[in-house]
Amino acid sequence: MIRKPPFRKLRGYAFDPSLSLNIDTALINNITYQVPWEEDLQPGPKGEYLEIVDYDPTVNKWYTPVNLNELYIVAQDGIDPGGSNPQFHQQMVYAVGMTTIKNFEAALGRPVLWSPRRVKGKDGDARFTDVYVPALRIYPHALRDANAFYSPQKKALLFGYFSARPADITLQMPDNLTFTCLSHDIIAHETTHAILDGLYRKYIEDTNPDVLAFHEAFADIVALFQHFTFPDVLKNQIAATRGDLAAQNLLGKLAQEFGIAIGSYGALRDAIGEFDEKTKAWKPKEPTGDEYRTIMEPHARGAILVSAVFDAFLTIYKTRVADLLRIATNGTGILPQGQLLPDLVNRLAAEASKTAGHVLQMCIRALDFCPPIDITFGDFLRAIITADTDLIAHDNRDYRIAFIDGFRKRGIYPTGIKNLSVESLSYSVPLADGLDEPIAILVDFLREFRQAITYVKDREKIFYLNRRYIAGGYMNDQEIMGLHQRLHIKFTNSIDFEKLTGLVFSDNYEALGIRSSKAYGYDQPRPSFEVHTLHYTSRTGPTGNQSNQVIVTLLQRALVEVTKDGDGNWQAMGSHDAAKGLKLTGGCTLIFDLDTLKLKYAISKPLLDIDLLKTYIPGSDMDVHKLNLGRALQLEQQQRGNRLNMNAYKAYFSPAERNGVGEPFAFLHTH
């Protein structure tokens, strides 16, 4: 019996075509990707996760789809890299896209699902239904423009191509046809946007300066650290920098050919340095601590987060190789002149690769520990620390301290903590006595859901199982009480649950600008809220320990009007006037441990004033239901800033249902 191969070998570029034209980098730029073997892969390629559609609207031409199962193609590890071959372009986007997906699934402990397509009901039904999207479409030659972007509306990646306009013709030939679909960094970046949108659809809502910047930064982080999975590239750069990865090197740069083609003097972005506009020479970046308070443009602001994470990586790497350098230098710490010995290069490269893999996994795992809306860089730091503490009990190499230090240097501090320590940053849930019984009622739901989904591998079945257990209904002739219905019934008028989630479950919800709704099978009106996502995840730690969890995210929307009272103090009042009101959204991530069947974490972006709720005394007449003034003011300020350029805002950031466009990344990535 012949077993199917564990992976498919496909040749491609480690960076982009320009490095294959440089004598110093040509040998390391051509690499072989190892992607999961898909037995039913169709020409395109078209597989379970990705569907490449190669139509060029500029010249009105369909390019012949590549068949990666052809004998000659399989025998030579894919098509030869070449800038003028559309079939290689198709192969390149497939290889990098699948590599990125594989890295996410390893860290998340579950299959990647794309953001669902929202379809309006038939026969005048105004409600939207989430429809499963099996494969993300990729268009390698979608537009003649210096742009590439993920389209949430099309559920697709669109790559452009254009004629280069270099500022220095010694760096690149003028009018050189530059294809964004041949850049590893751009492909990985756009694929990450799509995966992140599948996890958190609300992260494209511009509710604070960090949200869109986080999308950009996280996509850069994934592209950046995938460089360290290329062994020959890594060894070459370790040797070139003599082990000092804080010096100028290829590993810390993103989209070099693209950056030069649009008129820059170097890569589109660089995690550790930049080119001086006066001297045209590269120089390392030194954090000042003011960047986070002064820089607002999404790409530039996102670069602050990227540099903080890369700083943490460098700190960990230096710690891991310190003993190797002591041995190699007889304790002096000063390397001898000349090239490093190959054995030392191999060992340094192994440590750098392992460190980069750990840092990338920490960042991806942290996504499950983030709030479902309105994310900030401080929230992400807390998520990194909490997720790592949850899976790995003993941090014997001080990874967490390195992350805290990298964020601190750039003035990124989370709110709501007493000090900058691992213990303070890690989330915890001090459950109130009043919640013990209601939370225990959800144990039956967790048992049912675990039994139904644990061994399901089919992504479409997982998607619809999640939806069924959220909404309730019938499955296999058995009625399921959905999570939404259980929360409606069990937590009505629960002050303790409101303290935990920051969402409204009391009877005076209409005064707070919240609509009413009816749960499935339950006629009594209740405050409207949404069970946004439901995920089962199973992760394995470095010591073999297993972490099985169910992750639930809740959302609730209120129409809010921000005004001043008679004393000139700001107040956030519930509104029912859509013309005047702001749509303020609260959200909470609940993480349940399936081994103990207990709630482990609650990570909230509260709709309510939690401090006021905490002062509540049972039996008192105190009105504890006040909207979160701080978040309402922040949203009002952000909306005011967007109104300064209302045309651009309407075109790219308002919901697609209202204007038919809704393409935030097309706007963000325009050069």
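Residues numbered from 1 in each chain as written. Predicted model: local features only at pLDDT ≥ 70, side-chain atom pairs only at ≥ 80, totals over all residues. Heavy atoms only, no water.

> What is the right way to look at the overall build of the chain in this model?
What the chain contains, in helices and strands, is 22 helices and 24 strands. Taken over C-alpha atoms, the radius of gyration comes to 26 Å for the chain, in line with the 26 Å a tight globule of 671 residues would show. The buried share among the 671 residues of the chain stands at 55%. Taking as baseline every contact in the chain between residues at least 6 positions apart, the subset at least 24 positions apart corresponds to 64%. Only carbon and sulfur atoms are counted for the fraction: they give 51% of the accessible area of the chain, which is about 30200 Å². (Helix = DSSP H or I, 4+ residues; strand = E, 2+ residues; numbered from the N terminus. Rg over C-alpha atoms; globule rule 2.2 N^0.38 Å. Buried < 20%, exposed > 50% of the residue type's maximum accessible area, 1.4 Å probe, protein only. Contact = heavy atoms within 4.5 Å. Areas by Shrake-Rupley, 256 points an atom, 1.4 Å probe, with all protein chains shown as cover.)

> Explanation requested: the packing of aromatic side chains in the structure shown.
What characterises a pair of aromatic rings is the spacing of the ring centres plus the angle enclosed by the ring planes. Per the counting criterion, the structure on display carries 28 aromatic pairs. Taking 5.4 Å as the distance between ring centres and 50° as the angle between the ring planes, the aromatic pair formed by Tyr 132 and Phe 463 counts as tilted. Separated by 331 residues along the polypeptide, Tyr 132 in the loop between β7 (128-131) and β8 (136-143) and Phe 463 in helix α15 (residues 459-471) bring together distant segments of the chain. On the basis of relative accessible area, Phe 463 is assigned to the buried category, the value being 2%. Relative to Phe 505, the ring of Phe 497 lies with its centre 5.0 Å away and its plane at 70°, an arrangement referred to as edge-to-face. Using a relative accessible area of 1% as the deciding quantity, one classes Phe 497 as buried. (Phe/Tyr/Trp six-rings, centres within 6.5 Å; stacked < 30°, edge-to-face > 60°.)

> Got a minute to help me understand the packing of helix α3 (residues 86-108) against helix α10 (residues 342-365) in this structure?
The packing of two helices is summarised by the inter-axis angle and the distance between the axes. At their nearest, the axes of α3 and α10 sit 9 Å apart, and the two run at 70° to each other. When the axis of α3 is compared with that of α10, the two are roughly perpendicular. On the side of α3, the interface is formed by Asn 103, Phe 104, Ala 106, Ala 107 and Leu 108, while α10 contributes Leu 360, Gln 361, Ile 364 and Arg 365. Partitioning the contact of α3 with α10 into residue classes produces six nonpolar, two polar and one charged. (Axes fitted to C-alpha atoms, helices over the stretch in contact; angles between N-to-C directions. Parallel < 35°, antiparallel > 145°, perpendicular 65-115°, else oblique. Nonpolar A, V, L, I, M, F, W, Y, C, P; charged D, E, K, R; others polar.)

> Is there a simple way to explain the pairing of strand β24 (residues 598-605) in this structure?
On any regular strand, side chains alternate: one points to one face of the sheet, the next to the other face. Both strand β23 (residues 582-593) and β24 contribute to a ladder of seven bridges, which runs antiparallel. Following the sheet pairing, Gly 587 is matched in β24 by Lys 605. (Pairing = 2+ DSSP bridges.)

> I tried to follow the packing of helix α11 (residues 377-391) against helix α12 (residues 399-408) on my own but got confused; where do I start?
At a closest axis distance of 10 Å, the pairing of α11 and α12 adopts a crossing angle of 175°. Comparing the axis directions of α11 and α12 gives the class roughly antiparallel. Counting all contacts with α11, which are made through Phe 377, Phe 380, Leu 381, Ile 384, Ile 385, Asp 388 and Thr 389, the residues of α12 involved are Arg 400, Phe 403, Ile 404 and Phe 407. Its residues placed into classes, the contact of α11 with α12 shows eight nonpolar, one polar and two charged.

> Explain empty space enclosed by the protein to me, please; I cannot follow it from the model alone.
The gaps of empty space that remain are located by a probe, the size of a water molecule, rolled over the atoms. For the coordinates displayed, the defined rule picks out six cavities of 30 Å³ or more. Roughly 120 Å³ of volume is contained in the second largest cavity. Listing elements by their share of the lining of the second largest cavity, those giving two or more residues are α4 (184-199), α15 and β20 (530-540). Counting residues per element, the lining of the second largest cavity draws most heavily on β20, at four residues. Partitioned by chemical class, the residues of the lining of the second largest cavity number seven nonpolar, five polar and three charged. (1 Å grid on protein atoms, 1.4 Å probe; cavity = no way out; pocket = protein on both sides within 12 Å on 5 of 7 lines; lining within 4 Å. Points joined across faces, edges and corners; volume = space filled by probe spheres on them.)

> What is the right way to look at the pattern of salt bridges in this model?
Oppositely charged side chains are able to pair whenever their charged atoms sit close together. All told, the structure shown has 29 salt bridges when counted by the stated rule. For the salt bridge of Lys 409 with Asp 311, the shortest nitrogen-to-oxygen distance reads 3.5 Å. Placement of the pair is Lys 409 in the loop between α12 and α13 (422-425) and Asp 311 in helix α9 (residues 298-328), with a sequence separation of 98 residues. Relative accessible area serves as the criterion here: at 13%, Asp 311 is assigned to the buried category. Measuring nitrogen to oxygen at the nearest pair gives 2.9 Å for the salt bridge that ties Lys 605 to Asp 379. Of this pair, Lys 605 sits in strand β24 while Asp 379 sits in helix α11, and the two are 226 residues apart along the sequence. Judged by relative accessible area, Lys 605 falls into the buried class, the value being 11%. Connected through shared salt-bridge partners, Asp 311, Asp 405, Arg 408, Lys 409 and Arg 410 make up one network. (Salt bridge = Lys/Arg side-chain N within 4 Å of Asp/Glu carboxyl O.)

> Is there a simple way to explain the pairing of strand β22 (residues 570-574) in this structure?
By the bridge criterion, five bridges tie strand β21 (residues 546-564) to β22 in an arrangement that is antiparallel. In the strand pairing of β22, Glu 561 is matched with Met 573. Where β21 hands over to β22, the hairpin turn is made up of five residues, of which Gly 568 adopts a positive phi near 85°.

> Any chance you could explain the layout of surface pockets here in plain terms?
Reported here for the second largest pocket is a volume of approximately 1500 Å³. The wall of the second largest pocket is formed by 47 residues, among which Arg 382, Thr 415, Gly 416, Ser 604 and Pro 606 lie closest to the centre. Those elements that provide at least two residues to the lining of the second largest pocket are α5 (209-226), α11, α13, α17 (495-501), β24, α18 (610-614) and α19 (629-643). The element contributing the most residues to the lining of the second largest pocket is α19, with six residues. Across the lining of the second largest pocket, the residue classes break down as 19 nonpolar, 14 polar and 14 charged.

> Please explain a nonpolar patch on the surface as it appears in this structure.
A grouping of Val 119, Val 131 and Tyr 464 is seen on the molecular surface, where their side chains present a nonpolar patch of about 210 Å² in accessible area. You can see Val 131 is positioned in strand β7. (Patch = residues over 30% accessible without salt bridge, like charges linked within 9 Å, V, L, I, M, F, W, Y side chains within 5 Å.)

> So what exactly am I meant to see when it comes to the environment of Tyr 464 here?
Tracing the chain through its elements places Tyr 464 in helix α15. Take Tyr 464: its relative accessible area is 37%, and that puts it in the partly exposed class. C-alpha separation for the pair Tyr 464 and Val 112, spaced 352 residues apart in sequence, amounts to 14 Å. In this view, Tyr 464 contacts Val 131 and Tyr 132; residues no more than four positions away in its chain are not counted. Of note is the side chain of Tyr 464, whose polar atom sits 3.3 Å from the backbone nitrogen of Tyr 132. (Polar contact = N/O pair within 3.5 Å; in protein donor to acceptor, adjacent residues only side chain to side chain.)

> I keep staring at the side chain of Asp 210 and nothing clicks. Help me out?
One can find Asp 210 in helix α5. Only 2.4 Å separates the side chain of Asp 210 from the side chain of Tyr 292, close enough to count as a polar contact. In this structure the side chain of Asp 210 is engaged in a polar contact, spanning 2.6 Å, whose partner is the side chain of Arg 301.

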